[in-house]
Amino acid sequence: MIICNFEADNYQNTLTKSDFYSLLLIYSTMRKIISTLFLVLIALTAFGQSNSAMDQLKKDPRKAYGMDYPYSFETYKMTKAPKGYKPFYISHYGRHGSRYYWTDQLYKDLDKVFTAAHEKHLLTSEGEAFYKKFMALKEELMTGVSELTQLGWDQHQYIARTMYNNFPEVFKKGGNVYAISSLTGRCVISMASFCQELTQCNPKLEIREQSSRFTLDGVVPTDRQNPIKHNYPRAKAKYEKNQDQFKKIEGLREKVASRVLISTDSLPKNAHQIGSDLLNLYTSLPNINHEGMMDNIVSDEEIVKEWEGSNLGSYSWVFSPQYQMIPILEDVIKKADAVIDGSSDHLSDLRFGHDTCLGPLTVLMGINGADLDPEDPYEVKNCYQNWETCKGSNFQLVFYKSKKGKDILVKCLLNGCEAKLPIATDQYPYYKWSELRRFYTDRCNSVK
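Thresholds applied
- Residues numbered from 1 in each chain as written.
- Predicted model: local features only at pLDDT ≥ 70, side-chain atom pairs only at ≥ 80, totals over all residues.
- Heavy atoms only, no water.
- Helix = DSSP H or I, 4+ residues; strand = E, 2+ residues; numbered from the N terminus.
- Contact = heavy atoms within 4.5 Å.
- Areas by Shrake-Rupley, 256 points an atom, 1.4 Å probe, with all protein chains shown as cover.
- pLDDT = per-residue confidence, 0-100.
- Buried < 20%, exposed > 50% of the residue type's maximum accessible area, 1.4 Å probe, protein only.
- Expected span 1.5 Å × (residues − 1).
- Axes fitted to C-alpha atoms, helices over the stretch in contact; angles between N-to-C directions.
- Left-handed = near helix turned anticlockwise from the far one by under 90°.
- Nonpolar A, V, L, I, M, F, W, Y, C, P; charged D, E, K, R; others polar.

Visitor: Any details on the overall build of the protein? Residues and values, ideally.
Guide: If you tally the helices and strands in the protein, you get 14 helices and eight strands. Sequence separation of 24 or more characterises 78% of the internal contacts of the protein that already satisfy a separation of 6 or more. Carbon together with sulfur atoms contributes 52% to the accessible area of the protein, which is approximately 22,600 Å² in total.

As structure tokens, then:
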């Protein structure tokens with residue numbers, strides 16, 4: 001505490017009353033700034049600690065599978081809405097659920113390599129065991145190429161029921177829901193699974209499902225069949241110019257190949273290529289209910305060691321086409337505006353597409369800092385983790401209104417968990433729609 005007697009005889013010789021109050025004001029202001037910075041530092045530290053990518057990998061090593069990671073059947077606690085506010089509308093984009101590998105080339109290449117190695121006696125005992133398992137599974141794999149699996153169906157039913165249970169106020173009276181999908185079968189079936197579960201939750205819901213060239217701009221604008229053509233620029237992640245600073249852990253592919261092959265001489269692929277194919281098959285196995293058939297060939301722990309390097313590649317892959325997803329973000333804004341102004345009666349707008357859209361859309365929207373674009377390659381893992389674009393991944397914008405307040409509030413969920421947006425708010429995880437809308441509209445227009 002500062003005590004001052006302004007009547008003291010020596011006061012006039014040292015400090016005027018005006019000077020004293022000026023210093024007191026500066027002191028008070030500096031204390032507030034320091035306190036604020038301290039609180040911000042604590043918050044950032046806590047956020048970083050609670051969301052450390054490496055800590056998450058320790059808890060669940062399969063997250064190192066990245067975009068092959070199957071959606072986690074995990075529930076998260078929702079932050080209570082500000083007093084008087086209730087949810088009334090949900091805007092959603094979801095990737096299709098778990099599937100077989102997206103192209104038959106992987107299965108054909110493995111068949112060709114291992115058949116040749118078997119005939120030339122180039123397989124180890126583990127290689128022979130794998131060869132027999134693979135050949136027994138080959139017909140199923142080739143038949144199932146790119147198709148949704150039972151797990152993929154279950155994922156979307158779970159996501160739909162969780163949405164309904166988290167926000168019953170949106171759906172309890174029944175009403176209209178509109179769903180659009182990519183033209184691809186696995187997305188159409190994912191949509192069907194999701195919508196069927198919603199109607200199981202409440203038969204009063206009327207859901208219009210559409211997979212059409214008319215709606216591609218709102219779900220897969222880059223589809224060649226989209227009648228609306230765009231010419232957005234591609235972006236380049238800043239870390240790429242410093243990529244040489246990152247020390248990759250290499251050798252896993254060759255090590256995996258050496259466990260199944262005595263030699264790769266005279267085989268149609270080299271050790272690195274064969275190891276890559278084996279790793280791609282391995283990370284796909286949880287999605288097709290065949291985990292365990294490669295446990296003696298590769299381990300999750302080995303994939304974890306390489307994850308940070310593979311995540312860098314994923315970041316470049318989702319960062320570059322982010323502007324091509326502007327039509328989806330504009331569709332989100334347009335349909336929300338229509339609900340708010342009363343020209344649409346939709347309770348929810350649902351979209352079902354691909355990682356090629358959801359990943360870049362996550363960057364465009366800056367969900368959980370995915371747009372931070374660090375120059376240091378070692379910082380990339382702190383703003384984007386490729387398992388967030390997993391099979392069945394999705395984001396939801398949940399809209400709230402109050403009878404008393406005029407502001408519309410919005411909360412963002414990424415894979416069921418409350419997420420941060422690059423917009424100022426003093427009510428996290430809730431954001432004012434007016435500010436959120438302005439921010440994203442400006443971001444879209446700045447590219448055009």
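Visitor: Which residues make up the confidence of the model for the protein, and what values go with them?
Guide: Per-chain confidence: the protein averages 91 in pLDDT, with 89% of residues scoring 70 or above. Throughout residues 1-15 the model reports pLDDT below 50, and contacts reaching past four residues in sequence, or to other chains, amount to 13 contacts. Below pLDDT 50 for its whole length, residues 31-50 participates in two contacts with residues either more than four positions away or in separate chains.

Visitor: Residue-level account of the side chain of Ser212, with values.
Guide: With respect to the helices and strands, Ser212 occurs in the loop between strand S3 (205-211) and helix H9 (252-260). Classification of Ser212 by relative accessible area gives buried; the value is 12%. Once residues within four sequence positions are removed from consideration, Ser212 is found in contact with Ser181 and Leu183.

Visitor: Please provide a residue-by-residue account of the environment of Asn415, values included.
Guide: Relative to the helices and strands, Asn415 resides in the loop between strand S6 (409-414) and strand S7 (417-418). Remark: the alpha-carbon pair of Asn415 and Glu74, spanning 341 residues in sequence, is separated by 9.2 Å. Residues in contact with Asn415, not counting those within four places in the same chain, are Tyr71, Tyr76, Trp387, Glu388, Cys390, Ser393 and Asn394.

Visitor: Requested: an account of helix H6 (residues 150-166), with residues and values cited.
Guide: The end-to-end C-alpha distance of H6, which contains 17 residues, comes to 24 Å, matching closely the 24 Å that a straight helix rising 1.5 Å per residue would cover. Taken residue by residue, H6 has Gly152, Gln155, His156, Gln157, Tyr158, Ile159, Ala160, Met163 and Tyr164 as its buried positions. Looking at the packing, one finds that the buried side of H6 touches strand S1 (85-95), helix H7 (168-171), helix H8 (185-201), strand S4 (346-353) and strand S5 (394-402).

Visitor: Break down the packing of helix H12 (residues 326-341) against helix H14 (residues 433-447) for me, citing the residues and quoting the values.
Guide: The geometry of H12 relative to H14 is characterised by a closest axis approach of 10 Å and an angle of 145° between their N-to-C directions. Handedness of the crossing formed by H12 with H14: left-handed. Along the contact surface, H12 presents Ile326, Leu329, Glu330, Ile333, Ala336, Asp337 and Ile340, while H14 presents Trp433, Arg437, Tyr440, Thr441, Cys444 and Val447. Residue composition of the contact of H12 with H14, grouped by class: nine nonpolar, one polar and three charged.

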